[in-house]
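Coordinate analysis (summary)
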Amino acid sequence: MWMARSPGRRPDAILILLALLAGVTPASSAPIAIKGDVRDGSGAAIVGADVVILTGADIEVARVTSDAAGAFEAECPEATGCVVVVQARGFAGRRTLVRPSDLGASAVVVLEPQGVTERVTVTPMPGASQTTLETPRHVTTLESGELASRLFVTLPEAMRGLVGVSVQQTSTSQGSPFVRGMTGQHVVTLLDGVRFNTGTFRPGANQYLAFIDPNTVDRIEVMHGPSSVEYGSDALGGTIQVVSRRAGGGGDHFGVQGGGAVTGSSADRLASATSFVTGGVRGWSFLLDASASSAGDRRAGGGDDSRSVATRLLGLPSSVLGSRLNQTGFRQTGTTAKVAIRPTTSDAFSAQYIRGEQRGASRYDQLDGGLGNLVHFFDPQTLDFAVVRYDRVGLGVIDTLSARVSMNQQRDDRAFQNVNNNRAGLLSARTDERNRTRVFGYQVTTASIWARHAVSLGAELYDERVDAQRLDRRYDPLSGGFDAGVPVRARFPDGAGYRTVGLFVQDGFALLPDRLHVSLGGRYSGYAYSQPASGTTPAAMVPAFETAAGQWTGAASVVLRLREGLVATAGVNRGFRAPNVNDFGSIGVSGAGFEVSPEEGVRLGGRSIEFGAVGLDGARRVETLRPESLTSYEVGLRAQGRRVSGTVSAFHADVTDFITRSVLVLDPAPLGTLIGGQPMTRQDALGATYTSLASTPVFVRTNGGHLRMRGVEGTVDVSVTSTLSAHANVAAVRGTDVATGRAPGLENGIPPLHGYASLRWQPRKGRASLEAYTMFAASQGRLSGNDLAQARIGGMRTADEIRNFFNNGAVARGLVSQGVLSATGETADQVIVRVLGPSRLPSPMYTAHPGFSTLNLRAGWRAASWSTVLFAENLLDRNYRIMGSGVDAQGFNVGIRQSVTF
């Protein structure tokens, strides 16, 4: 509990009148005096702990340090309550939510070496903070102390083991979290409250979250389920909020503090170093940090590759290509700079710049790990992210106001060759891409508490522009390099624009005080897409095209307090996803093959059919895309006791007008007809078309799906003794195509039942800790035709694909010489019969995605200014793969993380 002094004063008559016009009475704006003591687990006072007071809108209003007795005192606005953040060297930070109703006695804040007992989230209601127990939405948080005790190469990997989150990796440099069976453009990501998704986010897994340097992250929040009222388009499966490290200092006297860490691991040959310095004096503060890491080629479990092209197309063990996964190494650097100025107790200005860069990354599922291409670089991959923010506490009837102007620039350059190259061809042809998306964002959010109503209002505008180039280049033996290249149609139309606008309101109020809380919200979102005419040759020509639409969304939820520490929740939420630049204009190679834009399909007069269809029944004309819509119904139960706490949520969601990948079918056309700038090489009996870029038919995006997603998520935490604690979580999602009753054609499939369990020993007065944990997943037998077709999942093989690889990619790798497979002495025809059988019909490697479980250990030791964490992962060296990934997970892996602060 908290002790407060709330001096009474006569409220301003104008504010009362304005509030009455709104039908409510404003809460008192007098400040709250907060007192507390900071102690460790043994009860000893912690001297010099940093105590930051934040409003519910995450606005800093005070910063103090604990004195020689561990005591502190500060103030925060009474109407909004506040979040008290306490940090000290050698301890995990502690975030506690305080409201006026909580006041009455001095608080004791206990810091532990790791972990927190209360979790505070800012994601469910912009402009307000809530505990995860009381929020109407299911929210999972990963705090700074927990991040420091995890071993990961990229930021997405840090999220492994969170309830309901399955982290897919197309390659080791990438990562795309699944939330409630969805990922990529169906999950919205925020970086410090600013929309991170851009219009070029593609369906299924993408690499962009890995652009954020994990070493600058303070915490991660995952809100499960649709949140389009709060965050607009894309928020169907969930919302991921990444919060970067806050600038420190700003006390009565100038001070500087900082720290650093080095990390190494064996499976990825990881070497990473990071450092930061922060400081300031009353009224201003700064933060600088930098990091660099290098990862080598990964060793998967058993030294094997479960989807190796040598195994998939030649039936050979993956060891013929080595015991490590070739071309999976990369380098990453990151820098962050922040400055915050608080000229008055009511006003704050801040600016930040984040830079992330990856070099040497490759897409492994296009190389040895699947399709067998010789080159497929993602290089460079860069992020430039900047925000200027103004915050105001107290502005008439508005308690807090936040305004942001942001710039989010993501660069996604590539270079690749297709599988139809032998070693001579390695020097003959290559395609280079340059793709840059720049987004300027403008946001205003207000929060007010009137009587029992907490009201948030917001408006936002994001304005995007895409610059894209694609060149087909040939090797010039005279110059010893590639020529300047011939322009062909780029992955995205050069100069394409995408603009989204949103207006939203949310109201949370106590229908029955201390018993029943209701949240209501509504939003209008509009979007507009345009592409200019460009290109001077038929292969590069892009016609002009534009479209625009709008969408209303709403949400309603209740939280019922059954008794102290036990609440029940229920909610109805409507989400949507507007077609973006990738949907409207993208052309290029995806995990399943070559794909063209819907506009290109319309131009060609095409129709679409499901992959694997044997006839034209159900074929539909390709049309301009419409937004996807989702309606979700959810119930939950949460309990928090002295020794046991837990959560369980169940949901049912219907997705209509789902945009899916379909096969493009044309009327008979001559060979060489340009499809997305590429000449058609053949056409089958159904009219499906093919190019030299893939052995699969050309694909196109169409509306047409009605999906049903049902699932359950649960967690349990138990304090077995004062030194021993246990945690477990599990989640399962079942997706169904309503029309067929089969698994839907979601990109990268739907993760199976999966979970995490741990047992942790940590004396409250000790410096050491030891934890055993496991990650597990069941087999996924419900695979769609799209899943089976992808080399990374089902691993479909055809006779033509085997022959092409045998005569080209296998020659380049030294596996075939003079028309004979060196390992077996077989010809191409003999290999086809051995791999596919006498019928030579297409067949997948896997008809179900295998399950797995791992056994892992970590041990920690802490001192006043440094800490060490040792890791031993996948102790049994299991070979396994997260559903939808293009690369196997790490095999037996030992690692160390050494941290120091000053």
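Residues numbered from 1 in each chain as written. Predicted model: local features only at pLDDT ≥ 70, side-chain atom pairs only at ≥ 80, totals over all residues. Heavy atoms only, no water.

1. A short note on the overall build of the protein
What counts, and what does not: For the purposes of this entry, the term helix denotes a DSSP run of H or I that reaches at least four residues, the term strand denotes a run of E that reaches at least two, and both are numbered from the N terminus. The classification of residues rests on relative accessible area computed with a 1.4 Å probe and restricted to protein chains. Under 20% of the type maximum is buried, over 50% is exposed, and intermediate values are partly exposed. Residue exposure ignores everything except the shown protein chains as possible cover, and the areas themselves are Shrake-Rupley values with a 1.4 Å probe.
Looking only at helices and strands, the protein has 10 helices and 52 strands in total. For the protein, with 902 residues in total, the buried portion stands at 59%. Summed over its atoms, the accessible surface of the protein is roughly 33,100 Å², and 58% of this surface lies on carbon and sulfur atoms.

2. Examining a nonpolar patch on the surface
Our working definition: Patch construction takes residues with relative accessible area above 30% that form no salt bridge. Like charges are linked within 9 Å, and nonpolar side chains (Val, Leu, Ile, Met, Phe, Trp, Tyr) are linked within 5 Å. Any carboxyl oxygen of Asp or Glu within 4 Å of a side-chain nitrogen of Lys or Arg constitutes a salt bridge here.
On the surface, Phe-254, Val-256, Trp-284, Val-339, Ile-341, Phe-349 and Phe-902 cluster together into a nonpolar patch covering about 660 Å² of accessible area. By the element assignment, Ile-341 lies in strand 20 (residues 330-341). Since its relative accessible area comes to 44%, Ile-341 is described here as partly exposed.

3. Quick word on unusual backbone geometry
Leaving glycine aside, a negative phi is the common case for residues, and trans is the common case for peptide bonds. Between Asp-379 and Pro-380 the backbone carries a cis peptide bond, its omega angle lying at -5°. In this model, Gln-327 sits at a positive phi of 65°, which is unusual for a non-glycine residue. Counting through the fold element by element, Gln-327 comes out in the loop between helix 4 (309-314) and strand 20. Classification of Gln-327 as partly exposed rests on a relative accessible area of 30%.

4. Some remarks on helix 10 (residues 828-836)
Using the following cut-off: The arc under discussion is defined with respect to the helix axis, by the directions toward the C-beta atoms. Whether two residues are in contact is decided by their heavy atoms: any pair within 4.5 Å suffices.
Residues of helix 10 that are buried include every one of Ala-828, Val-831, Ile-832, Val-835 and Leu-836, and no others. Burial along helix 10 is one-sided: seen end-on, the buried residues are contained in an arc of 105°. Those residues of helix 10 that are buried are in contact with helix 4, helix 8 (799-807) and strand 48 (820-821). Immediately downstream of helix 10, the backbone of Gly-837 shows phi near 95°, a positive value.

5. What to know about the packing of aromatic side chains
To be explicit about the condition: Pairing of aromatic side chains requires ring centres within 6.5 Å, counting the rings of Phe and Tyr and the six-membered ring of Trp. Pairs whose planes differ by under 30 degrees are stacked, by over 60 edge-to-face, and all others tilted. Note on criteria: charge over ring means Lys NZ or Arg CZ within 6 Å of the ring centre, with the direction from the centre no more than 35 degrees off the ring normal.
By the definition in use, this model includes 13 aromatic pairs. Taking 4.9 Å as the distance between ring centres and 40° as the angle between the ring planes, the aromatic pair formed by Phe-349 and Tyr-390 counts as tilted. You can see Phe-349 sitting in strand 21 (residues 347-359) and its partner Tyr-390 sitting in strand 23 (residues 376-395), a full 41 residues away along the chain. On the basis of relative accessible area, Phe-349 is assigned to the partly exposed category, the value being 44%. The class for Tyr-390 is partly exposed, based on a relative accessible area of 26%. Here Phe-545 and Phe-584 contribute two aromatic rings whose centre-to-centre distance is 6.2 Å and whose plane-to-plane angle is 55°, an arrangement assigned as tilted. Here the residue Phe-545 occupies a position in strand 31 (residues 545-563), and Phe-584 occupies one in helix 5 (residues 581-585), the gap between them amounting to 39 residues. We classify Phe-584 as buried; its relative accessible area is 2%. Linked through ring pairs, Phe-201, Tyr-208 and Phe-211 together constitute an aromatic cluster. Over the aromatic face of Phe-276 sits the side chain of Arg-245, whose NZ or CZ is 4.2 Å from the ring centroid.

6. Description of the confidence of the model for the protein
In plain terms, the rule: Along the chain, pLDDT gives the predictor's confidence residue by residue, from 0 to 100.
The predicted model of the protein averages 87 in pLDDT, with 89% of residues at 70 or higher. Throughout residues 1-29 the model reports pLDDT below 50, and contacts reaching past four residues in sequence, or to other chains, amount to 63 contacts.

7. Some thoughts on the nonpolar core
Our working definition: Put simply, a nonpolar core is a bunch of buried Ala, Val, Leu, Ile, Met, Phe, Trp, Tyr and Cys residues held in one set by side-chain atoms that sit within 4.5 Å of each other.
Among the nonpolar cores identified, the biggest contains 42 residues, and Met-159, Ile-212, Ile-220, Val-222 and Met-709 are the most heavily contacted of them. Within the residue set of this core, elements represented by two or more residues are strand 11 (165-168), strand 13 (187-191), strand 15 (217-224), strand 16 (238-244), strand 23, strand 38 (644-665) and strand 43 (699-719). In terms of residues, this core owes the most to one element, strand 38, which gives four residues. What Val-222 contacts, discounting residues up to four positions off in sequence, is His-138, Val-139, Thr-140, Met-159, Leu-162, Val-165, Val-179, Thr-239 and Ile-240. Of all hydrophobic cores here, the second largest spans 19 residues; its members include Val-309, Ala-310, Ala-799 and Leu-836.

8. Brief notes about the sheet that holds strand 6 (residues 94-98)
Just so we agree on the cut-off: In this scheme, strands are said to pair when DSSP sees at least two bridges between them. Only the stretch in contact is used when fitting a helix axis, every axis being a line fitted to C-alpha atoms; angles between N-to-C directions are given from 0 to 180 degrees.
The strand order 3-2-5-6 describes an open sheet built from four strands, whose pairing is antiparallel. Looking at the sheet topology across the chains shown, the edges are occupied by strand 3 (60-65) and strand 6. Each strand of the sheet is rotated relative to its neighbour by a mean of 20°, with strand direction disregarded. Direction of pairing for strand 2 (residues 50-54) relative to strand 3: antiparallel, over a ladder of five bridges. Residue pairing for strand 3: Leu-54 is matched across the bridge by Glu-60.

9. A word on the side chain of Arg-312
Worth spelling out the cut-off: Contacts described as polar in this section are N or O atom pairs within 3.5 Å, which, within protein, must combine one atom able to donate a hydrogen with one able to accept it, while residues neighboring in sequence count only if both atoms come from side chains.
The residue Arg-312 is located in helix 4 in this model. There is a polar contact of 2.6 Å between the side chain of Arg-312 and the backbone oxygen of Met-796. If we skip the residues at most four places from it in the chain, Arg-312 touches Gly-370, Leu-371, Ala-791, Gly-795, Met-796, Arg-797, Glu-801, Val-835 and Met-845.

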